[in-house]
Amino acid sequence: MNKETKMLDQVFSLDRIAMITAYEFCTARIFEQAGVDMILVGDSLAMVFQGKQETRNATLEEMLYHTRAVVRGAERTPIVSDMPANSYSTPEMAVENAGKFFEAGAHMVKIEGFLPEVVQALLENKMPVMGHLGLLPQTAENYRVVGKNPEDAERVLEEAKNLDRLGIPAIVLECVPLSLARRITDETTCKTIGIGAGMYCDGQVLVANDLLGLYDRKMPKFVRKYADLSQVIRQAAEKYASDVRTGLFPGDEESYH
Ligand code: KIV
């Protein structure tokens, strides 16, 4: 078993998996020091890092660039990279582009939607893949909870069971009712990683900028803000600017003699 497979096996043997997004070196390094179990280079970077409107605006080159930066910061943590919209439209295309993420240092790729042929092709090529069901930001018309009505719930459950049968090791469940997430978790062997999917999943993932309070957009209900870094950063920048203007920075101790 190679090192990468061992790392993933270790994480997927945990009872509860804590995954967090990262887009660059410094935060990836801090998250590794904090002992998070997995890091996701999410295409949410198009919104929270680049300030664009949609995750589907992330390009393949950008995702690879951010993957490399995160890999440098977190060498001992399994890294999952989102394959961006339109980069896995056919099984052949998925295998070719996924290979670029593994070359960049990712341990696993994540794809959105129910795409059994793509999942099968990746697994046959020994490319670990994470699914993503429920709300699918790359294609969704609007952001809403998916699976509230019985037909939708049945469909998502069946999709999860089918991917599970193919041998997918984990599936992100985004914005689904907790009862549905619970059924999927109970009725599949793969790990479920929830975001807005309640407490019965095997793991959780949050967008780092949301949980750190770096992004002042209106937060979805499922986000818990663990810090208010925008305030910390604003205060530090205000103090710095004021010290420069009043001549308090740099002082003698910050100068060369
Ligand atoms: O892009 C992302 O950050 C994600 C999470 C919301 C799961 O896919």
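Quick summary incoming for the structure in this document. Every chain begins its residue count from 1, and numbering advances along the sequence as written. Selection of residues for local features in this predicted model requires a pLDDT of at least 70, selection of side-chain atom pairs for listing and counting requires 80 or more, and totals for whole chains, interfaces and linings are taken over all residues. With hydrogens and water stripped out, all remaining heavy atoms of the structure feed into the side-chain values.

A short note on the site of the ligand
Item 1. In this text, near means that some heavy atom of the residue lies within 4 Å of the molecule or strand in question. The local shell around the ligand consists of Thr21, Leu40, Gly42, Asp43, Ser44, Asp82, Lys110, His132, Glu174, Ile195, Val205 and Val207.
Item 2. Here an oxygen atom of the ligand and a side-chain polar atom of Asp82 are 3.0 Å apart.
Item 3. Its residues placed into classes, the shell around the ligand shows four nonpolar, four polar and four charged. Nitrogen and oxygen atoms within 3.5 Å of one another constitute a polar contact, given that in protein one can donate a hydrogen and the other can accept it, and given that sequence-neighbouring residues count only through two side-chain atoms. The classification used treats Ala, Val, Leu, Ile, Met, Phe, Trp, Tyr, Cys and Pro as nonpolar, Asp, Glu, Lys and Arg as charged, and all other residues, Gly among them, as polar.

Observations concerning the side chain of Asp37
Item 1. Put simply, DSSP marks the helices as runs of H or I at least four residues long and the strands as runs of E at least two long, and each gets a number from the N terminus on. Along the chain, Asp37 turns up in the loop between α2 (25-34) and β2 (38-41).
Item 2. Exposure is judged per residue with a 1.4 Å probe applied to protein chains only, and the accessible area is read against the type maximum: over 50% gives exposed, under 20% gives buried, and values in between give partly exposed. His residues and chain termini do not enter the charge count, which takes Lys and Arg as positive and Asp and Glu as negative. Salt-bridge detection follows one rule: a side-chain nitrogen of Lys or Arg within 4 Å of a carboxyl oxygen of Asp or Glu. Nearest to the buried, unbridged Asp37 among oppositely charged side chains is Arg16, at 9.8 Å.
Item 3. From its side chain, Asp37 meets the backbone nitrogen of Ala18 in a polar contact 2.8 Å long.
Item 4. Dropping the residues within four chain positions of it, Asp37 is found in contact with Val11, Leu14, Arg16, Ile17, Ala18, Thr77 and Pro78. Note on contacts: a residue pair is in contact if any heavy atoms of the two residues lie within 4.5 Å.

Some points on helix α5 (residues 91-104)
Item 1. To estimate the expected span of a helix, subtract one from its residue number and multiply by 1.5 Å. Here α5 contains 14 residues, and its C-alpha end-to-end distance of 20 Å stays within 8% of the 20 Å for a straight helix at 1.5 Å per residue.
Item 2. What α5 keeps buried is the set Ala94, Val95, Asn97, Ala98, Gly99, Phe101 and Ala104.
Item 3. On its buried face, α5 sits against α4 (60-73), β3 (79-82), β4 (108-110) and α6 (116-124).
Item 4. Among the residues trailing α5, Gly105 stands out with phi positive, at a value near 115 degrees.

Things to note about the side chain of Thr185
Item 1. Here Thr185 is to be found in helix α8 (residues 178-187).
Item 2. One polar contact links the side chain of Thr185 to the main-chain carbonyl oxygen of Ala181, over a distance of 2.7 Å.
Item 3. One polar contact links the side chain of Thr185 to the main-chain carbonyl oxygen of Tyr200, over a distance of 3.4 Å.
Item 4. In this structure, Thr185 is in contact with Thr192, Tyr200, Cys201 and Asp202, ignoring residues within four places of it in sequence.

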